[in-house]
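Below, each chain spelled out in residue letters.
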Amino acid sequence: MIIAALDKPLSKSRFAALDGLRAFAVLGVLWIHIWTVHGNPRYVVGKLDLASVLALGGNGVDLFFVISGFCMYYFYAGNRQFCYADFGAFLKKRWIRLSPAFYTACLVYIIAKLTHDGSYPFLKSALTCLTYQNALFSAYNPEGILWSLTPEWQFYIIVPFLLIYQNRYGFIKSFTVITICLFAIAIAGVMFLKSGSDILSSQIFFRYFEFMWGILAGRLLLLQPNLKLPYKALWLIGFILITYAGRVLISKPVLMLSTNYYNLFKLLGFTVMGFGFSGIIYLALTSKQRLKNFLGNKVFSFIGKISFSLYLWHGLVHRPVCNWVIILFPNTSGISLPVISFFISLIILIPLSAASYYLLEHNFMARNKTSNHK
């Protein structure tokens, strides 16, 4: 029924809950990195390990990818007919949106590297950052968290083809061809490279299948903005469980089942997790009451608005904060240390990220909108 509806005319709609989801994504990334620095302490209540439940935050980047797939399709496919003439303008707009904050963060991280190691290859690192190839040339990536901008940009190159060719051949045909091509490359890469295919898992060949579910959620929302699902709470629980299932598929115990082809589990895990996240996104955006109001509150909305800057800068803050907390609280152990580090990091990061947003994101977004109307 859903597939049959995918080639119907598009409609236009806007909503308000995405910032709340972005907030959960970036807070989850911050939490998992702090938790890891402190040695992954457990917190068991009865038979439930709450630390393992919170570890889903480690897949905040995966949620970001699904959200990005949703936004890039929903807002561009829903506004007008996309054509080849729009390709350059699309890439320019994305570059202006991300680059000021990204390049500034990269410069700071490179300087920090040089401070600790005068032989650090800063020119190669700068070129890697300049071209958004941080995941491809990881040896020259000045900060590990910056890898995610590589598949993001690779997706920006792919999605215009979907927007263009769906006008000629329909959404289903265009979407299917792109998906099959990337799936074939991913499978072939794992089969031929075996354990040497690790680099593919951080590229678009694997991560597309998270963006893909965001695209489908965007398509469905354009076509069925008022689709009524009974028992939405049960649907939400179901999608959360699916997301956890995807996370299990990329866990070490599962990956260790195969010495050469473990990246196939990663591919399946990313795909399952993306499906779960896309369902959560759709439910959040079509909810008229509790879920939408919860995600759309002022705190989550603000954190979601500054989430890109918070993501970029948290690598500079969370490690020293963790070290300070260990020194300041020598008699504290267990889950308390990462919790303390998490809130102290937020106290530092929120004003820093807000300043970064208004200086390096908001101003350029405003100029970009102005230039688009000239």
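Up top is the structure.
Values in this document were obtained by computation on a predicted structure and should not be read as measured data.

Cut-off values and rules
- Residues numbered from 1 in each chain as written.
- Predicted model: local features only at pLDDT ≥ 70, side-chain atom pairs only at ≥ 80, totals over all residues.
- Heavy atoms only, no water.
- Salt bridge = Lys/Arg side-chain N within 4 Å of Asp/Glu carboxyl O.
- Helix = DSSP H or I, 4+ residues; strand = E, 2+ residues; numbered from the N terminus.
- Buried < 20%, exposed > 50% of the residue type's maximum accessible area, 1.4 Å probe, protein only.
- Contact = heavy atoms within 4.5 Å.
- Phe/Tyr/Trp six-rings, centres within 6.5 Å; stacked < 30°, edge-to-face > 60°.
- Lys NZ or Arg CZ within 6 Å of the ring centre and 35° of its normal.
- Polar contact = N/O pair within 3.5 Å; in protein donor to acceptor, adjacent residues only side chain to side chain.
- Expected span 1.5 Å × (residues − 1).
- Axes fitted to C-alpha atoms, helices over the stretch in contact; angles between N-to-C directions.
- Parallel < 35°, antiparallel > 145°, perpendicular 65-115°, else oblique.
- Left-handed = near helix turned anticlockwise from the far one by under 90°.
- Nonpolar A, V, L, I, M, F, W, Y, C, P; charged D, E, K, R; others polar.
- Disulfide = S-S within 2.5 Å.
- 1 Å grid on protein atoms, 1.4 Å probe; cavity = no way out; pocket = protein on both sides within 12 Å on 5 of 7 lines; lining within 4 Å.
- Points joined across faces, edges and corners; volume = space filled by probe spheres on them.
- Patch = residues over 30% accessible without salt bridge, like charges linked within 9 Å, V, L, I, M, F, W, Y side chains within 5 Å.
- Areas by Shrake-Rupley, 256 points an atom, 1.4 Å probe, with all protein chains shown as cover.
- Core = buried A, V, L, I, M, F, W, Y, C linked by side-chain atoms within 4.5 Å.
- Arc of directions from axis to C-beta.

### Topic: the pattern of salt bridges
Then comes step 1: Summed over the entire model, instances satisfying the criterion amount to five salt bridges.
Then comes step 2: With a closest N to O distance of 2.8 Å, aspartate 62 and arginine 207 form a salt bridge. Here aspartate 62, found in helix H3 (residues 60-77), pairs with arginine 207, found in helix H8 (residues 204-223); they are 145 residues apart in sequence, far enough to count as distant. Of the two residues, aspartate 62 and arginine 207, both sit in the buried class.
Then comes step 3: Close ionic contact of arginine 319 with glutamate 143 constitutes a salt bridge, the shortest N to O distance being 3.1 Å. Taken as a pair, arginine 319 in helix H14 (residues 307-328) and glutamate 143 in the loop between helix H5 (122-130) and helix H6 (149-169) lie far apart in primary sequence, 176 residues in all.
Then comes step 4: We classify glutamate 143 as buried; its relative accessible area is 7%.

### Quick look at the side chain of threonine 286
Then comes step 1: Structurally, the position occupied by threonine 286 is in helix H11 (residues 262-286).
Then comes step 2: Here threonine 286 is in contact with Leu221, Pro225 and Lys232, once residues within four sequence places are set aside.

### Observations regarding the packing of aromatic side chains
Then comes step 1: Within the structure shown, the criterion is met by 33 aromatic pairs.
Then comes step 2: Centre to centre, the rings of phenylalanine 90 and tyrosine 156 are 6.2 Å apart; their planes meet at 85°, and the pair counts as edge-to-face. With a gap of 66 residues between them, phenylalanine 90 in helix H4 (residues 87-116) and tyrosine 156 in helix H6 connect regions that are remote in the sequence.
Then comes step 3: Ring pairing ties together the aromatic residues Tyr76, Phe82, Phe90, Trp95, Phe102, Tyr103, Tyr132, Trp153 and Tyr156, which thus form one cluster.
Then comes step 4: Lying across the ring of phenylalanine 270, arginine 207 places its NZ or CZ 3.8 Å from the centre.

### What to know about the side chain of glutamate 361
Then comes step 1: For glutamate 361, the position within the fold is in helix H15 (residues 336-372).
Then comes step 2: Among the polar contacts made by the side chain of glutamate 361, one reaches the side chain of serine 309 at a distance of 2.4 Å.
Then comes step 3: Not counting residues within four places of it along the chain, the set of residues in contact with glutamate 361 comprises Arg97, Ala101, Phe308, Ser309 and Ser356.

### Description of helix H7 (residues 171-193)
Then comes step 1: The end-to-end C-alpha distance of H7 is 33 Å, a good match for the 33 Å that 23 residues give at a rise of 1.5 Å each.
Then comes step 2: All of the buried residues along H7 are Phe171, Ser174, Phe175, Ile178, Thr179, Leu182, Ala186, Gly189 and Val190.
Then comes step 3: Turning to H7, the residues buried within the fold contact H3, H6, H8 and H11.
Then comes step 4: Phi for lysine 194, located one or two positions after H7, is positive at around 55°.

### What about the packing of H8 against H11?
Then comes step 1: Between H8 and H11, whose axes approach to 8 Å, the crossing angle comes to 25°. With respect to each other, H8 and H11 are oriented roughly parallel. In this structure, H8 meets H11 at a crossing whose hand is right-handed. Contact with H8, carried on its side by Phe205, Phe206, Arg207, Phe209, Glu210, Trp213, Gly214, Ala217, Leu220 and Leu221, involves Asn263, Lys266, Leu267, Phe270, Thr271, Met273, Gly274, Phe275, Ser278, Tyr282, Leu285 and Thr286 of H11 and no other residues of that element.
Then comes step 2: Considering only residue class, the contact of H8 with H11 consists of 13 nonpolar, six polar and three charged.

### Concerning the state of the cysteines
Then comes step 1: For the structure on display, the rule yields zero disulfides.
Then comes step 2: Of all cysteine sulfurs, the one in cysteine 106 lies closest to cysteine 129, which takes part in no disulfide; the gap is 3.3 Å.

### With respect to the layout of surface pockets
Then comes step 1: Within this model, the second largest pocket holds a volume of roughly 1100 Å³.
Then comes step 2: Around the second largest pocket, the lining comprises 34 residues; the ones closest to its centre are Ile32, Gly58, Asn59, Arg247 and Ile250.
Then comes step 3: For the lining of the second largest pocket, the secondary structure elements donating two or more residues are helix H1 (18-37), H3, helix H9 (232-249), helix H10 (252-255) and H11.
Then comes step 4: Per-element accounting of the lining of the second largest pocket gives the leading share, five residues, to H1.

### What to know about a nonpolar patch on the surface
Then comes step 1: Together, Tyr43, Val45, Leu48, Leu50 and Val53 give the surface a local cluster of nonpolar side chains, amounting to about 400 Å² of exposed area.
Then comes step 2: On the basis of relative accessibility, which here comes to 42%, the residue tyrosine 43 falls in the partly exposed class.

### Points about the nonpolar core
Then comes step 1: With 102 residues, the main nonpolar core has Phe70, Phe102 and Ile281 as its most contacted residues.
Then comes step 2: No other element matches H3, which puts 13 residues into this core.
Then comes step 3: Ignoring anything within four residues of it in the chain, the contact list for isoleucine 281 reads Leu18, Leu21, Leu63, Val66, Ile67 and Phe70.

### A short note on unusual backbone geometry
Then comes step 1: Notably, lysine 194 is not glycine yet its phi reads approximately 55°, a positive angle.
Then comes step 2: By secondary structure assignment, the location of lysine 194 is in the loop between H7 and H8.
Then comes step 3: Positioned with a positive phi, tyrosine 231 is a non-glycine residue whose angle comes to about 55°.
Then comes step 4: Structurally, the position occupied by tyrosine 231 is in the loop between H8 and H9.

### Focus: helix H13 (residues 298-305)
Side chains that are three or four residues apart share a direction in an α-helix, a result of its 3.6 residues per turn.
Then comes step 1: Inspection of H13 places Phe300, Ser301, Ile303 and Gly304 among the buried residues, and these make up the whole buried set. Taken around the axis of H13, the buried residues stretch over an arc of 165°, which confines them to a single face. Of the exposed residues in H13, the ones pointing more than 90 degrees away from its buried face are Lys298 and Val299.
Then comes step 2: At its buried positions, H13 is contacted by H1, helix H12 (290-295) and H14.
Then comes step 3: Regarding H13, its N-cap is asparagine 297, as a side-chain oxygen of that residue lies 3.0 Å from the backbone nitrogen of valine 299 further along.

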